[in-house]
Amino acid sequence: MRRDLAGALGGAVVADVAATGPRSIRRHPDAATFRAALVGTRLETFGRWGKYLLVGLDTSDVLVAHLRMSGQLLLAASTADPVAKHSHVHVTFTDGRQLRFVDPRTFGELFVTTAALPELAGLGPDALGVDAATFAARLRGRRARLKPLLLDQRVLAGIGNIYSDEILWTAGLRWSRQADRLRPVEVRRLHAATTEVLTAAVEQRGSSLADAQYVDLSGRPGGYQEHHAVYGRMGAPCPRCGRPIERIVVAQRSHFWCRRCQR
DNA sequence: AAGCACACCTGCTAGC
DNA sequence: TGCTAGCAGGTGTGCT
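The residue count restarts for each chain, going from 1 along the sequence in the order it is written. Chain labels run from A onward and ligand labels from 1 onward, assigned in the order the entries are written. A pLDDT threshold of at least 70 governs which residues receive local features in this predicted model, and a stricter bar of 80 or more applies before side-chain atom pairs are shown or counted, although totals over entire chains, interfaces and linings include all residues. The basis for the side-chain values is all heavy atoms of the structure; hydrogens and waters are excluded.

(A) Representation of the sheet that holds strand E2 (residues 43-49) within the structure. Following DSSP output, two strands are said to pair if at least two bridges run between them. The secondary structure listing takes helices from DSSP runs of H or I that are at least 4 residues long and strands from runs of E that are at least 2 residues long, numbered from the N terminus. On the basis of which strands lie adjacent, the open sheet formed by four strands has the order E2-E3-E4-E8 and antiparallel pairing. Both edges of this open sheet fall to E2 and strand E8 (109-113), since each of them pairs with a single strand only. Strand-to-strand, the axes of this sheet are offset by a mean angle of 20°, without reference to chain direction. Summarising the sheet, strand E4 (residues 62-66) and E8 pair through five bridges and their orientation is antiparallel. For Leu-63, the partnering residue across the bridge sits in E8 and is Val-112. Contacting E2 and strand E3 (52-57), helix H1 (residues 2-9) crosses the sheet at an angle of about 175° to E2. Lines are fitted to the C-alpha atoms to define the axes, a helix being fitted only along its stretch in contact, and any angle between axes, read from their N-to-C directions, falls within 0 to 180 degrees. Any two residues whose heavy atoms approach within 4.5 Å at even a single point are treated as in contact.

(B) View of the protein's contact with DNA strand B. Here, proximity means that at least one heavy atom of the residue falls within 4 Å of the molecule or strand. Around DNA strand B, the neighbouring residues are Arg-23, Lys-85, His-86, Pro-104, Arg-105, Thr-106, Phe-107, Arg-142, Arg-143, Ala-144, Arg-145 and Gln-252. Sugar and phosphate atoms form 67% of the subset of DNA strand B atoms that lie within 4 Å of the protein. Between DNA strand B and the protein, one listed contact pairs a phosphate oxygen with a side-chain N or O atom of Lys-85 at 3.2 Å. Whenever a nitrogen or oxygen atom comes within 3.5 Å of another N or O atom, the pair is scored as a polar contact, on the condition that within protein one atom can donate a hydrogen and the other can accept it, and that pairs from neighbouring residues in sequence are kept only if both atoms are in side chains. One nitrogen or oxygen atom from the side chain of Arg-105 is found 2.8 Å from a base oxygen belonging to DNA strand B. Here the term charged refers only to Asp, Glu, Lys and Arg, the term nonpolar to Ala, Val, Leu, Ile, Met, Phe, Trp, Tyr, Cys and Pro, and the term polar to all other amino acids, Gly among them. Grouping the amino acids of the surface near DNA strand B by side-chain chemistry returns three nonpolar, three polar and six charged.

(C) Representation of the packing of aromatic side chains in the model. Only the six-membered ring of Trp is used, alongside the rings of Phe and Tyr, when aromatic pairs are assigned; centres must lie within 6.5 Å, and planes under 30 degrees apart are stacked while those over 60 apart are edge-to-face, with the rest tilted. Overall, the coordinates contain two aromatic pairs when judged by the stated rule. For the pair Tyr-163 and Tyr-224, a centre-to-centre distance of 5.9 Å together with 55° between the ring planes defines the contact as tilted. Here Tyr-163 is found in helix H5 (residues 161-171), whereas its partner Tyr-224 is found in the loop between helix H6 (184-203) and strand E9 (246-250), with 61 residues between them in sequence. A single burial state applies to Tyr-163 and to Tyr-224, both of which are buried. A positively charged side chain is recorded as over a ring if its NZ (Lys) or CZ (Arg) lies within 6 Å of the ring centre. The angle to the ring normal must also be within 35 degrees. Stacked on the ring of Phe-111, the Lys or Arg Arg-27 has its end atom at 4.4 Å from the ring centre. The ring of Trp-169 has Arg-240 lying over it, and the distance from NZ or CZ to the ring centre is 4.0 Å. Only protein chains enter the accessibility calculation, which uses a 1.4 Å probe; a residue whose area is less than 20% of its type maximum is buried, one above 50% is exposed, and one in between is partly exposed.

(D) Highlighting empty space enclosed by the protein. With a 1 Å grid spanning the protein atoms alone, the term cavity applies to any set of points in which a 1.4 Å probe fits but cannot get out, the term pocket to an open set with protein on both sides within 12 Å along at least five of seven lines, and the term lining residue to any residue with an atom within 4 Å of a point. Grid points are joined across faces, edges and corners, and a volume is the space filled by probe spheres set on the points. Across all of its chains, the model carries one cavity of 30 Å³ or more by this definition. For the largest cavity, the calculated volume is near 80 Å³. Forming the walls of the largest cavity are Leu-5, Leu-53, Val-55, Leu-63, Ala-65, Leu-73, Val-89, Val-91, Leu-99, Arg-100, Phe-101 and Leu-110. Looking at the lining of the largest cavity, the elements with two or more residues in it are E3, E4, strand E6 (87-93) and strand E7 (98-102). Of the residues belonging to the lining of the largest cavity, the class tally is eleven nonpolar, no polar and one charged.

(E) Examining the sheet that holds E7 more closely. Pairing in this open sheet of four strands is antiparallel, and the strands run E1-E6-E7-E5 from one edge to the other. Both outer strands of the open sheet, strand E1 (14-19) and strand E5 (72-76), are each paired with one neighbouring strand and no more. Averaged over all pairs of adjacent strands, the angle between strand axes in this sheet comes to 15°, irrespective of strand direction. The pairing of E5 with E7 spans five bridges and is classified as antiparallel. By the bridge assignment for E7, Leu-73 is matched with Phe-101. Where H1 meets the sheet, it contacts E5, E6 and E7, and its direction lies at approximately 20° from that of E5.

(F) Quick look at the pattern of salt bridges. Salt bridge criterion: a side-chain nitrogen from Lys or Arg within 4 Å of a carboxyl oxygen from Asp or Glu. Applying the stated rule across the entire model yields twelve salt bridges. Its salt-bridge partner being Glu-109, residue Arg-68 comes within 3.6 Å of it at the nearest N-O pair. You can see Arg-68 sitting in the loop between E4 and E5 and its partner Glu-109 sitting in strand E8, a full 41 residues away along the chain. For Arg-68, a relative accessible area of 40% puts it in the partly exposed group. Between Arg-177 and Glu-186 there is a salt bridge, and its shortest N-O distance comes to 2.7 Å. On the basis of relative accessible area, Arg-177 is assigned to the buried category, the value being 18%. Residue class for Glu-186 comes out buried when judged on its relative accessible area of 5%. Within this structure, Asp-4, Arg-205 and Asp-216 form a network of salt bridges that share partners.

Interpretation in functional terms is not warranted from these geometric data alone.
Okay, structure coming up:
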């Protein structure tokens, strides 16, 4: 999504903003405040920190977006394009195009903040691009089990429920292993698996499940779900050993794993 | 520090 | 065909 935004919207100037869904801009006191922070600005940089998208503005402020469970950012060629249900925020550019934030469950959000990003204080280093030494340091002294640990955005930012399962399977590690009891070689395997899974997932433009909730800026689903080894595959054969994939609930989330391959 | 329950929402599907 | 229970990519809070 960051790459799509960078390719499509670099240099675009905001002509108007309509935020009809108050929950989507809940960090602002009202829609007028949110609108005032954006109208007239030029979109200059496109970054990402974990699951947060960071659009740098020429005011030196940053437009932050988080899609949460069901958010979509869609680029319409014109304001006349049909508007989807649950389309809560519309950013119109001077060239007539319109960026739309669509979010049925309204867990996602947009906000404008300063470049120091005080709202994101406490977020760990991005899981994609962290080096082996930093990765090991983030796990050091942590007694938590690996599945909840990988989901903790303060430890590493960017790993969600799909990719934590794929990473643990790729590393051959069981969800219940304690981080501080891993052998150094296992920590290195977990780091390598994190890099490998996230890199491949980005290359495949993300994972879209049956309801195609995640789509790119053009509304197209990703392709990494075709490569999932375990996530959503309960009962299907493990790609490595053929044993049926199991599903359990860990940290109030579904977890998919192979009893034979993950120890 | 860790783990758990629950809250926030809408929509879809499986099962009856 | 119609109903309901369960589940969904995430995070924040409050409690033990």
